[in-house]
Amino acid sequence: MVEAHSINAEHKDLIHDVAFDYYGERMATCSTDQFVKVWDQDEQGNWNLTASWKAHSGSVWKVTWAHPEFGQVLATCSFDRTAAIWEEIIGESNEGGTLLRHWVRRANLVDSRTSVTDVKFGPKSFGLILATCSADGVMRIYEAPDAMNLAQWPLQHEVSLKNPSSCLTWNPLLSNFRMPNAMIAVGSDDNSNTTNSKVFICEYNEVSRRWAKTESVASVAHPVHDMIFAPNMGRSFYLLAVATNNVRILKLKPLTDATSGFPYTIETAAQFDDHYCTVWRVAWNVTGTVLASSGDDGCVRLWKSTVDTWKCVGVLKRDGKLPQPQSKTAQSTAQNNLTRFFKLGQITHPSEVHWH
Amino acid sequence: MRSPDHPCEILSPEPNMTISNSKGYILHEGPAYSLALNKEHTHVVVAGRNVFKVFLIEQGGFKECVNLRCGKTSSVQSSSSMDVAWNPTDDNVLATATTGGAVVTWNLNRSSRNKQEHVFYDHRRTVNKVTFHCVEPNLLMSGSQDGTIKCFDLRLKEAPKTYSSDSESIRDVQFSPHNSYVFAAASENGTIQVWDTRKAEKCLNKFSAHNGPVFSCDWHSELQYLATASRDKTIKVWNVTNKPVAEYTISTIAPVGRVKWRPYRRYHLASSALVLDSAINVWDVRRPFIPYASFAKHTDVATCIAWKGDPFVLLSTNRDSTLHQNFISEADLPLESANLQGMAINRDGDLVYCCPVNLSKVEVPKPKENSRKTSTTTSGEEELNTSSEMKVFRDPKIVTYLSDDAECIQMCAIQYKLRGRSIGELCEHNANVASSVGRPTVFLLWNVLRILYDRISLISLKEDIMSSSNIESSYDDDGEDRAGSSSDEDGLKADKQNQLGDFYFGDAEIDPLDAEHDQYDCLGLQMDSKTVEEDNDWEVPAESIALRHEISHQPIVDDPYMPELASVSNKMNNNNISAPLLRITSPAKFDAWNPSEIVVEALRHHVDQGDVQTAVCALIVLSDEIRNELTNPKRPWHLLHDEIECWWLNYLELLKQFKLWSCATTVIQLSRIRNILQLHRTSTSVYLSCGWCSKGLTRSSRHCYNCQHSECARCALCQRIVRGMYAWCRGCAHGGHIGHMKQWFMENKYCPTGCGHMCEHYILCADVFENSNFGVHTCVFVTINSDNVKMAPTMGLKRQETTKATEIL
């Protein structure tokens, strides 16, 4: 039986994101209640709340940690159309001998005209670089030219993707080998159609010194809710997990002989429909060998790669109980409900309907 | 939140809405400041500086009916209208408030083009608000900038009742739907007054509602709630049953100009910003953090909003001179598209997962929301799903797939032996490690490597194949002796030697690989032509050769014109150091069967499977000769140097993530790759400060140029100048002998000098003694030599320093 340690987050509303720091010893959560909370792990492995503050004047969608080399730095993005950079300050010890820690806002990035849906720090080798995407489909790159001065985050690039963006992920490259350009994948949750591509690859062009959209992945046409590149670990290809109507694993393989254009082939390495519902989250383990996905069915499923194939190696239910009786029945009941609605829709004067 | 509104849009009065009205109706005369709907919600009147028109509301648009600003223009007519009201019972009667202080009534039934009925010149300043009584069609109320509220009886056309507030000006007046004698007035000083129409001398109730002007207020149709909107960017909902209490507070991103309760929805209200935010938001007051729905397509802020009698359509006039019908079905539902689940995995394989508590419930739509008929009493408000649960999964059984990897990597990183033995022994040891952590394929790989490259087996192979004399055999005995005596002690010694060497390594150390490589390139495959000297140069096994020695010999050996010296060095090596691990003197072996291709394939396979550790460790263990063969550019399958570097970087990243600093250092040291070795030489400075004046020691000296003290490194306890290892607090710059410091900080937290600083020694010393993984972030132990304060402790050196420190202690 899975033992799940419950943490009372004490957020006053829904939690939208949780993120571990580089070492996995600190955790940050953010919620619609506009608060961000930081948790530290003690020796027994328990998570203790160490900071909590009102970060925005709207729902906080995402929270992410910078590499510890730059200090204890968080970035958040919010419905209030801003992204913010936070730094932890360790003050002089107080009477009790404990260190006083608090988080201060170092910068507020106000360029977006709509809700900022995701924020992610770039690979450490680029320095302090930050990418955001917003509901109006603009990806922005900010860079702190001086790592010691977190207050300065000039906007460096804007890439318009013309699709409402929901998530982005940096390709975590460590060397230029097989990967000449910095790469970001941006996902769109546009649900107005299911024909257009919902995954876009943006690359930095060293020659023109600009970011540009270089590819859209045609195979993903349903709204994308989360995406994450696997840690590369020296692989000769890149794995991109996509949470959409199902779980996808895209494989980006560098082309050796491509002289121009998009130098990768993109293929779907795996696709799982086991959730039978919208998948909201995907996450890789530290080496990118196991993928976890979570969906509306309230389950976390684990997928492990064996040579060239992926298989389900575990299902974590959030309460230990069986999940929905069977995903398929849940599906059908939902459909029943839908049918009922269509019937109702045909009544011309709703005011004549007398059920309560 | 699978919103209940989505399905019910089917039932909304405009089910076949096809015409997109996103651009709205453009008022060519300029923006309207206000709008009002008639009783039947079929017509809308808009009023502004230059516009005063009545429109018929159509599906997807508006049709102009009457233009009230025409004909002969009186001064009253030409002054701009601040507000407009439509009589709730008589569809022909309108009232407007003008900036000039007049309250004007209009009758659409008049036959002339001029529909003006009567003008009340009672206010001295701009009238901000006019409103009709809900049930008394002849009662008209106005609120003005002059701080008064006046109540007109349309039949009397004479001096009205005046309610004088002591505040500056009245922004909004609203009759209560619950009590026909009660009305509320919002004023610019942030107070709300509740009046009884019969008592003009004093208000019933007055309370301070906001920290800024209140621009708008609205009564709830059913509950004793009054919503107020203010410049302080908040909307507050007051329960005015008894003493007014702020039941809900919504904080928004901009000053709020208008607020209107949504009909038939108990907890919903619409709001528009005064400036900045062009969106019109519909809030669920119980969720004050994020709007339930948002009309975000507008290009400018809304000046006035009104529900079209049902909960599905909201009319708005905007500052960009447009008039809109906003359909809830077209609104953005921010929480609808938001990700309500959070999940993350940390390096140890702990999985944390957050999701809404009643996840399954939210998928069940609520049919009762659909019935518009139901009055507010039963308007089944959707239950809010406002709490998430957070769970950490770290059960060894099920999550084993997650933690497994992490543990393996750590175990292997710590237990693998990468140097100090022969290839065969290393491979055997590492194979055992791999099998003990449950990695059969890695176990196999190590064994295969052992069989392929172990010196002993190669020699036997050679003896079988080759008949020619081989230098190797001359070393053989030596080597085997060594192998026999090789013990942990030996390894330790070798380690030590290595450490010393590392500590002082110079620029040249990073060169050997490249030098060799170039040489190799020149030679191509003509290995048979290789001389003994060259051979000698190649024997740089990861074994106990202090790199320093090698460097000193290398240029000599490299030079083919100095064979004598080379042979000397050869002898030296032979005498001092164990036999070479591998001697490829026979090209025939390669020609016959070259295992390198398979090895390369195997390494790449492991890397592609996410196991970069195995590949890097194997490359470390394999000697240069083998590695050069693996990277031989003549082979189609050869490993690229960049590729190897990439593996290294990834592995180092992994080790750092696990805080295995010393392992990372070893891996860097043994990399034999220029770019990787350079990692050791970046950011290697530690800046010290003077123990007396705590100013930074700027020059490479222990003499402080600030306070002219030359005894910066005085031990705080024994007061003597510290030679050698020195423990130093980064906070107060005091310190001393490591032993003394250790003793002191076993019992004390504060600096021994009494400066009151709670030194970091306390933490750091504890670190050194309890935690062998002494981190990069805390570098304290630096040697103060007689002339060198600024040292070069790289990550690895620091490690050695701490090791030394612990040894001393």
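Numbering of residues begins from 1 in every chain and follows the order in which that chain's sequence is written. Whichever chain is written first becomes A and whichever ligand is written first becomes 1, with later ones labelled in order. This being a predicted model, a pLDDT of at least 70 is required before a residue's local features are given, and a value of 80 or more before pairs of side-chain atoms are given or counted; all residues contribute to the totals for chains, interfaces and linings. Processing note: side-chain calculations cover all non-hydrogen atoms of the structure and skip hydrogens and water entirely.

- An unreviewed UniProt entry annotates chain B as GATOR2 complex protein WDR24 of Sipha flava.

- As named in an unreviewed UniProt entry, chain A is Nucleoporin SEH1-A, taken from Sipha flava.
- UniProt positions are given in the numbering used here, feature names are shortened, and annotations may be inferred rather than shown by experiment. The annotation that UniProt attaches to chain A under Sequence similarities (unreviewed entry) is "Belongs to the WD repeat SEC13 family."

1. Describing the overall build of chain B
Thinking step 1. Only DSSP runs of H or I covering at least 4 residues are called helices, and only runs of E covering at least 2 are called strands; the numbering of each starts at the N terminus. Scanning chain B from terminus to terminus reveals 23 helices and 34 strands.
Thinking step 2. Think of it in three bands: residues with accessible area under 20% of the maximum for their type are buried, residues over 50% are exposed, and the middle band is partly exposed, with areas taken using a 1.4 Å probe on protein chains only. Across the 809 residues of chain B, 59% fall into the buried class.
Thinking step 3. Roughly 33300 Å² of accessible area belongs to chain B as shown, and the carbon and sulfur atoms make up 50% of that amount. All accessibility values rest on the Shrake-Rupley procedure with a 1.4 Å probe; residue burial counts only the protein chains present in the view.

2. Some words on the overall build of chain A
Thinking step 1. Secondary structure assignment for chain A yields one helix and 25 strands.
Thinking step 2. In chain A, which comprises 356 residues, the share counted as buried stands at 56%.
Thinking step 3. Sequence-distant contacts, at least 24 apart, represent 44% of the contacts inside chain A between residues at least 6 apart.
Thinking step 4. Element-wise, carbon and sulfur atoms account for 49% of the exposed surface of chain A, whose accessible area totals about 14900 Å². When checking whether two residues touch, look at their non-hydrogen atoms; a contact exists if any pair is within 4.5 Å.

3. With respect to the pattern of salt bridges
Thinking step 1. What counts as a salt bridge is simple: a side-chain nitrogen of Lys or Arg found within 4 Å of a carboxyl oxygen of Asp or Glu. All told, the structure shown has 27 salt bridges over all chains when counted by the stated rule.
Thinking step 2. Among the salt bridges present, the one from Lys-659 of chain B reaches Glu-25 of chain A, with a minimum N-O distance of 3.0 Å. Here the residue Lys-659 of chain B occupies a position in the loop between helix H18 (641-657) and helix H19 (661-669), and Glu-25 of chain A occupies one in the loop between strand E2 (15-20) and strand E3 (26-31), the pair thus bridging two chains.
Thinking step 3. A residue is classified by how much of its surface remains accessible, and Lys-659 of chain B, at 27% relative accessible area, is partly exposed.
Thinking step 4. Of the charged contacts, one joins Arg-266 of chain B and Glu-222 of chain B as a salt bridge, the two residues approaching to 3.9 Å between their closest N and O atoms. Taken as a pair, Arg-266 of chain B in the loop between strand E22 (256-261) and strand E23 (268-273) and Glu-222 of chain B in the loop between strand E18 (214-219) and strand E19 (225-230) lie far apart in primary sequence, 44 residues in all.

4. Details of the packing of helix H15 (residues 596-608) of chain B against helix H16 (residues 612-621) of chain B
A packed helix pair is summarised by two numbers, namely the angle formed by the two axes and the spacing between the axes.
All names here are of chain B.
Thinking step 1. Every axis corresponds to a line fitted to the C-alpha atoms, with the helix fit spanning only the stretch in contact, and the corresponding angles, defined between N-to-C directions, vary from 0 to 180 degrees. Where H15 contacts H16, the two axes come as close as 7 Å, and the packing angle between them is 145 degrees. For the pair H15 and H16, the contacting residues are Leu-603, His-606 and Val-607 in the first and Val-612, Thr-614, Ala-615, Ala-618 and Leu-619 in the second.
Thinking step 2. Looking at the contact of H15 with H16 residue by residue, the classes come out as six nonpolar, two polar and no charged. Note on residue classes: Ala, Val, Leu, Ile, Met, Phe, Trp, Tyr, Cys and Pro are nonpolar, Asp, Glu, Lys and Arg are charged, and everything else, Gly too, is polar.

5. Focus on the sheet that holds strand E14 (residues 165-170) of chain A
All names here are of chain A.
Thinking step 1. Judged by pairing direction, the sheet is antiparallel, and its four strands sit side by side in the order E14-E15-E16-E17 without closing on themselves. This sheet does not close on itself; its edge strands, each paired only once, are E14 and strand E17 (210-217). Strand-to-strand twist in this sheet, taken as the mean axis angle between neighbours without regard to direction, amounts to 25 degrees.
Thinking step 2. Two strands pair if DSSP finds at least two bridges between them. In terms of strand pairing, strand E16 (residues 199-205) meets E17 through seven bridges, oriented antiparallel. Bridge pairing links Asn-205 to Arg-210 in E17.

6. A word on the UniProt feature "repeat: WD" (unreviewed entry) in chain B
Thinking step 1. Residues given the UniProt feature "repeat: WD" (unreviewed entry) here are residues 163-205 and 207-248 of chain B.
Thinking step 2. The span residues 207-248 of chain B carries 0% helix and 57% strand; its end-to-end C-alpha distance comes to 16 Å.

7. What about the nonpolar core?
Thinking step 1. Here, the term nonpolar core denotes a set of buried Ala, Val, Leu, Ile, Met, Phe, Trp, Tyr and Cys residues that are joined through side-chain atoms within 4.5 Å. Counting 57 residues, the largest nonpolar core has Trp-446, Leu-603, Leu-630 and Trp-648 of chain B as its most contacted members.
Thinking step 2. The set of elements that each furnish at least two residues to this core consists of helix H4 (400-415), helix H5 (423-436), helix H6 (440-453), H15, H16, helix H17 (624-630), H18 and H19 of chain B.
Thinking step 3. Once you skip the residues sitting within four places of it in the chain, Leu-630 of chain B turns out to touch Tyr-453, Ser-596, Val-599, Val-600, Leu-603, Leu-619, Leu-622, Trp-637, His-638 and Leu-639 of chain B.
Thinking step 4. Formed by 25 residues, the second largest nonpolar core is a distinct cluster that contains Phe-79 and Ala-83 of chain A together with Ile-290 and Ala-338 of chain B.

8. Considering the confidence of the model for chain B
Residues and elements named next belong to chain B.
Thinking step 1. Residues at a pLDDT of 70 or more form 62% of chain B, whose mean pLDDT is 70.
Thinking step 2. For every residue, the predictor assigns a confidence score, pLDDT, that lies between 0 and 100. Across residues 360-381, where pLDDT falls below 50, the model places 59 contacts with residues more than four positions away in sequence or in other chains.
Thinking step 3. Across residues 586-590, where pLDDT falls below 50, the model places seven contacts with residues more than four positions away in sequence or in other chains.
Thinking step 4. For this predicted complex, the interface confidence score (ipTM) comes to 0.85, while the overall pTM stands at 0.75.

9. Details of the environment of Phe-20 of chain A
Thinking step 1. You can see Phe-20 of chain A is positioned in strand E2.
Thinking step 2. On the accessibility criterion, Phe-20 of chain A (10% relative accessible area) is buried.
Thinking step 3. When the C-alpha atoms of Phe-20 of chain A and Asn-196 of chain A are compared, they prove to be 33 Å apart, with 176 residues separating the residues in sequence.
Thinking step 4. Once you skip the residues sitting within four places of it in the chain, Phe-20 of chain A turns out to touch Arg-26, Met-27, Trp-47 and Trp-65 of chain A together with Ala-344, Ile-345, Asn-346, Asp-350 and Val-352 of chain B.

10. Side note on the confidence of the model for chain A
Thinking step 1. Overall, the predicted model of chain A reaches an average pLDDT of 80, with 82% of residues at or above 70.
Thinking step 2. Here residues 321-356 of chain A is a poorly scored stretch, pLDDT under 50, and it has 36 contacts once near neighbours within four places are set aside; other chains count.

11. With respect to the sheet that holds strand E4 (residues 35-41) of chain A
Within a sheet, each strand pairs with its neighbour through backbone hydrogen bonds, oriented either parallel or antiparallel.
All names here are of chain A.
Thinking step 1. Ordered in space as E2-E3-E4-E5, the four strands form an open sheet in which the pairing is antiparallel. Single-partner strands in this sheet number two, and they are E2 and strand E5 (47-54). Here the strands of the sheet are splayed against their neighbours by 20 degrees on average, with no regard to which way each runs.

12. Points about the packing of H6 of chain B against H16 of chain B
All names here are of chain B.
Thinking step 1. Packing of H6 against H16 leaves a shortest axis separation of 11 Å and a crossing angle of 15 degrees. Taken together, H6 and H16 sit at an angle that is classed as roughly parallel. The way H6 lies across H16 gives a crossing that is right-handed. Across the interface between the two elements, Val-442, Leu-445, Trp-446 and Leu-449 of H6 pack against Thr-614, Cys-617, Ala-618 and Val-621 of H16.
Thinking step 2. Of the residues contributing to the contact of H6 with H16, the split by class is seven nonpolar, one polar and no charged. Each angle receives one of four descriptions, namely roughly parallel if under 35 degrees, roughly antiparallel if over 145, roughly perpendicular if within 65 to 115, and oblique otherwise. Whether a crossing is left-handed or right-handed is set by the direction in which the near helix is turned from the far one by less than a right angle, anticlockwise for left-handed and clockwise for right-handed.

13. Remarks on the UniProt feature "repeat: WD" (unreviewed entry) in chain A
Residues and elements named next belong to chain A.
Thinking step 1. The positions UniProt marks with the feature "repeat: WD" (unreviewed entry) are residues 8-40 and 272-304.
Thinking step 2. Secondary structure within residues 8-40 divides into 0% helix and 55% strand; the distance between the first and last C-alpha atoms comes to 14 Å.
Thinking step 3. Taken as a whole, residues 272-304 contains 0% helix and 58% strand, while its terminal C-alpha atoms sit 12 Å from one another.

14. Some remarks on helix H21 (residues 738-747) of chain B
Residues and elements named next belong to chain B.
Thinking step 1. If you check which residues of H21 are buried, you get Ile-738, Met-741 and Phe-745. The arc that holds every buried residue of H21, seen down its axis, measures 60 degrees, which confines them to one face. Turned more than 90 degrees away from the buried face of H21, the exposed residues are Gln-743, Met-746 and Glu-747. Note that the arc is defined by the directions from the helix axis to the C-beta atoms.

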